[in-house]
Amino acid sequence: MGLSPKVFHQLCNIVGKEYCTRSAEDQVCYAYDATRRFYPPEAVVFPKDAQDVSAILQLANTHGFYVTPRGAGSGMSGGSLPVAGGIAMVMTRFDRILTIDTDNLVAVAQPGVVTGVFQRAVESKGLFYPPDPSSADFSTLGGNLAECAGGVRALKYGVTRDYVLGMEVVLPTGEIVRVGVQTTKGVVGYDLARLIVGSEGTLGVITEMTLRLLPLPETSRTMLAVYDRMETAAEAVAEIIRRGIIPRAIEYMDNTAIRCVENLLDAGLPVDAEAILLIEVDGNESETRLLLDRIVSVLEGECRGRIQVAETREEAARMWKARKAISPALRRYGTGKLNEDIVVPRNRIPDMVAKIRSLAEKTGLTMLSFGHAGDGNIHFNVMFDKDDARQTSLALEAVDAVFDYTLALGGTMSGEHGVGIAKAPYMKKEISDDVLALMKRIKRAFDPAGILNPGKMLL
Ligand SMILES: Cc1cc2nc3c(=O)[nH]c(=O)nc-3n(C[C@H](O)[C@H](O)[C@H](O)COP(=O)(O)OP(=O)(O)OC[C@H]3O[C@@H](n4cnc5c(N)ncnc54)[C@H](O)[C@@H]3O)c2cc1C
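Note that the structure is predicted; figures quoted are calculated from it, not measured.

With that settled, consider the packing of helix H8 (residues 230-242) against helix H10 (residues 285-300). Where H8 contacts H10, the two axes come as close as 10 Å, and the packing angle between them is 140°. Between H8 and H10, the angle is such that the two are oblique. The handedness of the crossing between H8 and H10 is right-handed. Packed against H8, whose contacting residues are Ala236, Glu239 and Ile240, the element H10 presents Ile295, Val298 and Leu299 at the interface. Its residues assigned to classes, the contact of H8 with H10 comprises 5 nonpolar, no polar and 1 charged.

For the rest of this paragraph, the subject is unusual backbone geometry. Trans peptide bonds make up most of the peptide bonds, and negative phi angles are found at most residues other than glycine. Of note, Arg36 is a non-glycine position whose phi angle comes to about 65°, a positive value. Following the sequence through the fold, Arg36 ends up in the loop between helix H2 (24-29) and strand E2 (43-45). You can call Arg36 partly exposed: it has 13 C-beta atoms within 10 Å. The backbone of Leu105 shows a phi angle near 55°, a positive value even though the residue is not glycine. Tracing the backbone shows Leu105 in the loop between strand E5 (97-101) and strand E6 (106-109).

This next bit is on the site of the ligand. Taken together, 36 residues form the shell around the ligand, and within it Gly71, Gly75, Gly79, Gly143 and Gly201 come nearest. Those elements that provide at least two residues to the shell around the ligand are strand E3 (67-70), helix H5 (141-147) and strand E10 (205-212). Take the shell around the ligand: its biggest share by element is 5 residues, from H5. Residue composition of the shell around the ligand, grouped by class: 11 nonpolar, 20 polar and 5 charged.

Mapped onto the elements of the fold, Leu458 is located in the segment after helix H16 (433-446). Taking the C-alpha atoms as reference points, Leu458 and Leu436, 22 residues apart in sequence, are found 7.7 Å from one another. Not counting the four nearest positions on each side in its chain, Leu458 is found in contact with Leu436, Met439, Lys440 and Lys443.

Right, let's get into the domain arrangement of the protein chain. Along its sequence, the protein chain is organised into domain 1 (5-90), domain 2 (97-215), domain 3 (219-327) and domain 4 (334-429). Of note, the centres of domain 3 and domain 4, computed from C-alpha atoms alone, are 23 Å apart. Counting from both sides, the interface comprises 17 residues of domain 3 and, opposite them, 13 residues of domain 4. Among the elements of the structure, H8, strand E13 (249-254) and helix H9 (255-265) are those that each provide at least two residues to the side of domain 3 that touches domain 4. The biggest single contributor to the side of domain 3 that touches domain 4 is E13, with 6 residues. Of the residues in the side of domain 3 that touches domain 4, the class split is 13 nonpolar, 1 polar and 3 charged.

Among the 8 residues of E10, 7 are classified as buried, and the element is accordingly described as predominantly covered. As paired strands, E6 and E10 are joined by 4 bridges and run antiparallel to one another. Bridge assignment links Ala109 to a residue of E10, and that residue is Met209. Sheet topology note: the strand E8 (residues 164-170)/E10 ladder contains 6 bridges and is antiparallel. Bridge pairing in E10 links Val164 to Leu211.

What counts as what
Residues numbered from 1 in each chain as written. Predicted model: local features only at pLDDT ≥ 70, side-chain atom pairs only at ≥ 80, totals over all residues. Axes fitted to C-alpha atoms, helices over the stretch in contact; angles between N-to-C directions. Helix = DSSP H or I, 4+ residues; strand = E, 2+ residues; numbered from the N terminus. Parallel < 35°, antiparallel > 145°, perpendicular 65-115°, else oblique. Left-handed = near helix turned anticlockwise from the far one by under 90°. Contact = placed C-beta atoms within 7 Å. Nonpolar A, V, L, I, M, F, W, Y, C, P; charged D, E, K, R; others polar. Buried ≥ 20, exposed ≤ 12 C-beta atoms within 10 Å, placed from the backbone. Near = placed C-beta within 6 Å. Domains from an automatic or database assignment. Pairing = 2+ DSSP bridges.

Here it is as structure tokens:
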């Protein structure tokens, strides 16, 4: 395929000249996501509405060029990278929150709205949108829906798909359709909204969404617990949940993650600890206090962790800042980074941490894990020198071994980052041939010409 000057001109006619570019600078800017892989698009277009998107996709069908939707480009699996060439379709002009309905607890928004902006807008009306990826300050709702983003509150509140009621979607053929409902219930027909959430921009382009909201919890409390042994930390998590307490977040950091953050922030984290748990509860004043007391009694009693309860919002914010700084803190440990987000049954986290430690010892590479201990979602990172062929191959072998072990423990290879290009070569490990073939038939039914986001998920 390839974009002729004539087709580029037609694209410019659709979106307007100022929203259509093929300058070298723009090609470079839209060639990356958080994987840091580099695939420059042949052109970058910024549609403003569903009609623009439809016209672009119809043109792509007629002239045979590829279209890759893009939100903020913060994806961790390469989903927004135009790996096969063609155009990057950047959705950032879709930046309006259309309604926040306080009677029915639903909101209608466009996909280019930044997640944190949306969270704050609904909170100003006493409502709550729980999905909270650590990238909320810059990722978009469209990217969140396409990846089914999770985040730190998933243990209590679920993930993005649990808050999507309906959507306007432009299919790869250019048809503009509405799927799902505007109400809090609805079971008429196949649940296509649920199919499109998490489809990583391969089945359609989301141009509007109806989202479910909750009442805003009155308050929240945050605490840190420090452990000398990972097993004890994991036992504390299991015990909290066994007692029927569901905090809104239970995050953990292993020793290497603690040291990486401490090097960057000088946040006063205990660098000798083998694990830190960051726990947050929410609700009204009295239930939050009760939950906090019950958790502290678990942590103090059976588990003997050192505990620090945040007494002010600022202190809580400092604790979260340390947790959210892990990913960026890692860059100084190598030019290459493989970042996986496996999920295992939560009581198997210590087994996985031990496996990661043994792989780090065997390879000599920096490896660490942190993540959502409450739901077993482990962010496993391997740092290496990407110009060193031996280190690169050792890192890839380690990822392979971690995926095999994850599946042996009854887990899954990705909890929230998606497949994209990063995990596409491993799909066969987890998904059987017949189910893969079914997925490919679904993709063909939506996108017979294969023009939307090729080279992702299904190879
Ligand atoms: C520091 C950091 C922390 C992160 N923390 C988390 C976390 O806690 N939890 C989590 O789940 N993720 C996390 N992520 C990953 C990432 O932020 C999420 O996957 C996010 O949902 C991507 O949103 P985006 O707008 O950047 O999308 P992009 O990266 O631009 O695109 C992601 C995918 O969505 C598709 N897409 C984008 N817009 C549309 C649309 N309108 N219609 C159809 N498809 C579309 C793209 O084609 C691509 O496949 C983190 C990333 C970083 C860099």
